[in-house]
Amino acid sequence: MKKRKYGVALSMVLAAGTVLAACGSDEADTGTDEGSTGGEGAEETSEFKVAMVTDTGGVDDKSFNQSAWEGLQQFGADNGLEEGTDGYTYFQSNNDADYVTNMNTAVRNDFNLVFGIGFLLNQAITDVASQNPDTNFALVDDVSEGDNVASITFKEHEGSFLVGVAAAMATESDQIGFVGGVESDLINKFAAGFQAGVEAVNPDAEVQIEFAGDFNDAAGGQQIAASMYGSGIDVIYHAAGGTGNGVFTEAKNLKQQDPDRQVWVIGVDRDQWEEGQVGDDNVTLTSMVKRVDVAVQDISTRAMEGDFPGGEVIEYGIQEEGIAIAESQDNLSQEMLDEIANYQQQIVDGEIEVPSTLE
Amino acid sequence: MDYVIEMLDIRKEFPGIVANDNITLQLKKGEIHALLGENGAGKSTLMNVLFGLYQPEKGEIKVRGEKVNITSPNVANELGIGMVHQHFMLVDTFTVTENIVLGLEPKKGLNIDMKKAESEVQEISDRYGLKVDPNAKIADISVGMQQRVEILKTLYRGAEILIFDEPTAVLTPQEIKELIQIFRTLIAEGKSIILITHKLKEIIEVCDRVTVIRKGVGIDTLDVEGTTPTQLASLMVGRDVTFKTDKTEASPTHNVLEISQLNVKDSRGVNAVKNLDLSVRAGEIVGIAGVDGNGQSELIEAITGLRKVSSGVIKLNDQNLSSYKTRKITEAGVGHIPQDRHKHGLVLDFPIGDNMVLQTYYHKPYSKYSMLNNKEINKQAKKLIKEFDVRTPSETTPARALSGGNQQKAIIGREVDRDPDLLIAAQPTRGLDVGAIEFIHKRLIEQRDNGKAVLLVSFELEEIINVSDRIAVIYDGNIIEIVDPKTTTEQELGLLMAGSKNKAGETENV
Amino acid sequence: MFNQFSRWQKIMIPVISVVLGLLVGAIVMLVSGYNPIEGYAALLSGSLGEGFYIGETIRQITPYIFAGLAVAFAFRTGLFNIGVEGQLLVGWVASVWVGLAFDLPKIIHLPMAILAGALAGALWAFVPGLLKAKLRVHEVIVTIMMNYIALHLCNYLVRYVISDGQNTTDRVPESASLKSPFFETLTEFSTMHYGIFLALAAAIIYFVVLEKTTTGFELRSVGFNQHASEYAGMNVNRNIILSMVISGAFAGLGGAMEGLGTFGYGFIHGAFSGVGFDGIAVALLGGNVALGVILAAALFGILKQGALIMPLESGVPTELVEIVIAIIIFFVASSYIIAYLLQRLKKGAK
């Protein structure tokens, strides 16, 4: 068993390298979040097993797969579960055809709860859930029918609104960019909230929206970023998974060539501060953090306690602490932070209704 | 002993065959030593053993009296053995100098010292009279000069013993003369030469001694002085060979091929055949004589449908072929032994049997309802292999594995067996040994005697004069003269081929 | 590409490549601190150990056979079809489209949907074939570009034409489905479907067309030597196009297997499925012959399927399995080295 843990750690080091520091801060943070529920399940641990199936991005995608895995690891640690077949684990999908196989494999290994990370797994989870009524499933980022499936969605538009506020205050050219992965209702939520946030603070600023057509095409992302920065845009918000890494690359290149130039990237899903580090500078303005880890821990805990919300759609927003602005705030002025806090309160209070679709 | 190289009782086996069976070859310092044998006799194998490409199963090699073990071409180079291959090993886009120094570049720090390399190349070139421009790109220079670059390459590496593999096969008569001059200079400078060839005239002209091998066995080593081509030929083939082709008087009848006002463009779009008129009658062989590049290839390609006709008429038995596709022309009764048998004549990776039905595979009995009938194909192949004496282990052997002569026999068998009214033979004997040449000439004459029309294109004047009943001289895309082979001479043809129209006056002066 | 080798060598080279690949893979596992025996045991049990896994492996093999045949067919006729991925995608979407658009009895509907996949793939390959034949544009460049066009066009079709702005299409009705409740029950709810029979039939067709018909004779001849084929009166351009079209049809069928069988629907692809690219390796490993392609596809299917379970059972990360596959391909590609060693060995034995 020791060896196995070592192996996963090694692969994480190899593949994810730079993220480790971020993981650390996340874990510390979630520890306090879950403090109230953490200690309880000690006795059920041997009974309860939980697994997740990644989408093709893989568990080290520096995005929601990784965030979900961090949540699951934290859940495991809090409840004394072992990593592996007897506690918690992840199944990596290398191909779309692997979703069903991985789901089934998880069921066959008697996991009580199986997470499907990402809307790509919707069909697979729906199929497998109907074949296996005794297992609980949870789908992240999309809605699936079925009494034994919990659908986890996020109010990304709310978080996007907040980073939109930051973008609108940071821009000097009044030109702002948005890079989406593949056009879909989900990604449109990001774009819509972002646009609304920008408009709320700075109605003159323009938001240019582009889709890369791919969540895993860093080169494509870099190209779009290059043309955006070239056309005068100075802040780009990406909601494009691995493709977004290309946006960071381009921004860092520009910053390196000309440290005085203003280029900002707004990260997504996780705190992407590390990705923006270039020398002593950092191009990450802020990040719209989607706490998939919080959701995963929350659902896991409820399932373990026999309170699994099967057939329900659970929305995590700012209020539920499922959506937030990143912890790394060095690039945000106090003025910006105040403004963001102000809007955040308005959203929580329901004074602002953030749109979730592009008109 | 003043032998620089001694190969004693060399035996080299390949799966299923013994390529060299106890062959001995001894090279004296300062001599040109010919290695003579038919295609597939084992000459190249023996030389590859000497050059370190093959390891012999038995026998020993001595260089300057010392027993050596040549395990790779690098070892051969170190021993002062250099080889000029038949197919040049040059990088087209590099300059002469770059090719020569490749792998041994003189360095100046980390950079190649091109200045030094150039002057070295120039120096060697001058010393041996090679006349090579060190700065020219390989792609831009003639075949003859490329060969001299290959020679330079071996000399640059300090070769004392030079092996030439069929060096004259690719050269024009003028270039052959220059090469022979280079041989003499090399000998005068103290080098020794082994010349692999099956051209008897060359041996008589330049060599001191000759070693003859036949079917992998060393036959004899003798002084060239005092031998005759006939004697060498019999040693090589193992029986008496006649150089004069026996044939009766032709009795031509009606026109089979009638070409009038034909114009054909070459690949660059320039007119290569210009208003050409030519006819070939049943029962005669018409030879086309001319220097390479005067429109022969384009003419043949036009007749066989491989190249578009710009204007003019090609009639076969009163049927106009000029707009037909190749297949229709083939079916109309044209057989074609192509100039380049590897490029056009054969699919080298196909079994020899499949090659035998390359134009007829879609006919009964070779196929039925679009399905191939391998039994019939192999039956046909076996028949042709026997009839045309194609030496192959079986009809399923890839064509690539056969020697050049046997490949050519297979092509001729295939074309003749289709019983075409017109048989076009383009350079049918190029690169073949005397035995195969004799066989092919006989077959061409046999076709003629069967009442077929034969069109022969060759750069070998001897062949043209020996085989043809009429000779059409082509120059600059036009037939400028028809001459009678019985009364013409090589000199007369040579002048006509050079474009001299004033035939009568000039020939008298020669 | 193995023409210079004997029959014995043609068989031994891929086998030795696989063995060497597995050996080096074992060494990599050892060096990384895993137990290779445990790893390979997990790989085997995760691909063939239980009915469920066998079903999944067979399902995985199915598109590999088609992709391998597609690449191999083009290879044999002297063309390099890198566009199998794109042809597979259009075949996928076309078959699903026909599956959804019509309401017919199964005996007509299913063949029609499958045929639509083949036709779409063929059409997609026809373009590079035509460009190669008429304008001598290199097929590698065109097919690579066509892959991207296929990816984004298919995504567009799925989102805006076949579905109503959704990420996935509806499920094809039973009348157009290759899904097999019988196999699913037999293999404990795997996604195994009837496609494997079509794949095996395709391999037989591949063999017959290429080796036994006059068309195959022409295609092979053109593949080996265009000049000699032209000399023999064959229409080289027609054969180039035909070759691409048939190759594309195989690829399109592979897509139809995914669309009508494995998934039963079409969806937005964030990236290439990779099956088409793996097809190149399958063809290479299989020596471009029908039986070889089946065996190579089986190997790939087993490796890919077993890779999924390896992390859970033995802790070996899937990346390592990818490395092993890459090493095998490397050894096949450097077959000259193996051929050389074989010759040495033979000599030594004497």
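Since we're looking at a predicted model, the values are computed, not measured.

A short note on the UniProt feature "domain: ABC transporter substrate-binding protein PnrA-like" (unreviewed entry) in chain A
- Within this numbering scheme, the UniProt entry marks residues 49-356 of chain A as carrying the feature "domain: ABC transporter substrate-binding protein PnrA-like" (unreviewed entry).
- Spanning residues 49-356 of chain A, this segment combines 41% helix with 21% strand, and its end C-alpha atoms are found 35 Å apart.

Things to note about the domain arrangement of chain A
Residue and element names in this part refer to chain A.
- We note that the domain assignment places domain 1 (2-154 + 291-316) and domain 2 (156-290 + 329-348) within chain A.
- Contacts between the two partners involve 16 residues from domain 1, matched on the other side by 13 residues from domain 2.
- For the side of domain 1 that touches domain 2, the secondary-structure elements that each account for two or more residues are helix H2 (20-33) and helix H4 (64-78).
- Per-class residue counts for the side of domain 1 that touches domain 2 are seven nonpolar, five polar and four charged.

Concerning the nonpolar core
- The biggest cluster of nonpolar side chains holds 354 residues, and the ones touching the most others in it are Leu456 of chain B together with Ile65, Phe66, Leu69 and Val293 of chain C.
- Sort the elements by how many residues they give to this core and helix H13 (residues 290-314) of chain C lands first, with 15 residues.
- Filtering out sequence-adjacent residues up to four positions away, Phe66 of chain C remains in contact with Ala199, Ala202, Phe250, Ala251, Leu253, Gly254 and Met257 of chain C.

Here we look at helix H7 (residues 156-170) of chain A
- For H7 of chain A, which comprises 15 residues, the first-to-last C-alpha distance of 21 Å matches the rise-based estimate of 21 Å (1.5 Å per residue) to within 8%.
- In terms of burial, H7 of chain A is largely enclosed, as 14 of its 15 residues are buried.

What about the environment of Glu156 of chain A?
Residues and elements named next belong to chain A.
- Along the polypeptide, Glu156 turns up in helix H7.
- Considered as a pair, Glu156 and Lys189 are 33 residues apart in the sequence and their alpha carbons are 6.3 Å apart.
- Those residues within four positions of Glu156 in sequence are excluded, and the remaining contacts are Lys189, Phe190, Gly193, Lys290 and Ile323.

Points about the interface of chain A and chain C
- Taken together, the contact between chain A and chain C spans 32 residues of the former and 27 residues of the latter.
- Of all the secondary structure elements, the ones that give two or more residues to the side of chain A that touches chain C are helix H1 (2-16), strand E2 (88-91), helix H5 (98-108) and helix H6 (122-131) of chain A.
- For the side of chain A that touches chain C, the element with the most residues is H5 of chain A, which contributes seven residues.
- Broken down by class, the residue content of the side of chain A that touches chain C amounts to eight nonpolar, 18 polar and six charged.

Some thoughts on the pairing of strand E22 (residues 453-458) of chain B
All names here are of chain B.
- Judged by how many residues are buried, E22 sits mostly within the fold: six of six residues are covered.
- Neither face of E22 is exposed, since Ala453, Leu455 and Val457 on one face and Val454, Leu456 and Ser458 on the opposite face are all buried.
- As paired elements, strand E15 (residues 285-289) and E22 share five bridges and run parallel to each other. Residue pairing for E22: Val286 is matched across the bridge by Leu455.
- Examined bridge by bridge, strand E21 (residues 422-426) and E22 share five bridges and lie parallel to one another. Paired with Leu422 across the two strands is Ala453, which belongs to E22.

Considerations on the confidence of the model for chain A
- Confidence along chain A averages 85 in pLDDT terms, with 87% of residues attaining 70 or more.
- Taken together, the stretch residues 1-45 of chain A has pLDDT below 50 and engages in 53 contacts with residues farther than four places along the chain or on a different chain.

What counts and how
- Residues numbered from 1 in each chain as written.
- Chains lettered and ligands numbered in written order.
- Predicted model: local features only at pLDDT ≥ 70, side-chain atom pairs only at ≥ 80, totals over all residues.
- UniProt positions renumbered as here; feature names shortened; annotations may be inferred.
- Helix = DSSP H or I, 4+ residues; strand = E, 2+ residues; numbered from the N terminus.
- Domains from an automatic or database assignment.
- Contact = placed C-beta atoms within 7 Å.
- Nonpolar A, V, L, I, M, F, W, Y, C, P; charged D, E, K, R; others polar.
- Core = buried A, V, L, I, M, F, W, Y, C linked by C-beta atoms within 7 Å.
- Buried ≥ 20, exposed ≤ 12 C-beta atoms within 10 Å, placed from the backbone.
- Expected span 1.5 Å × (residues − 1).
- Pairing = 2+ DSSP bridges.
- pLDDT = per-residue confidence, 0-100.

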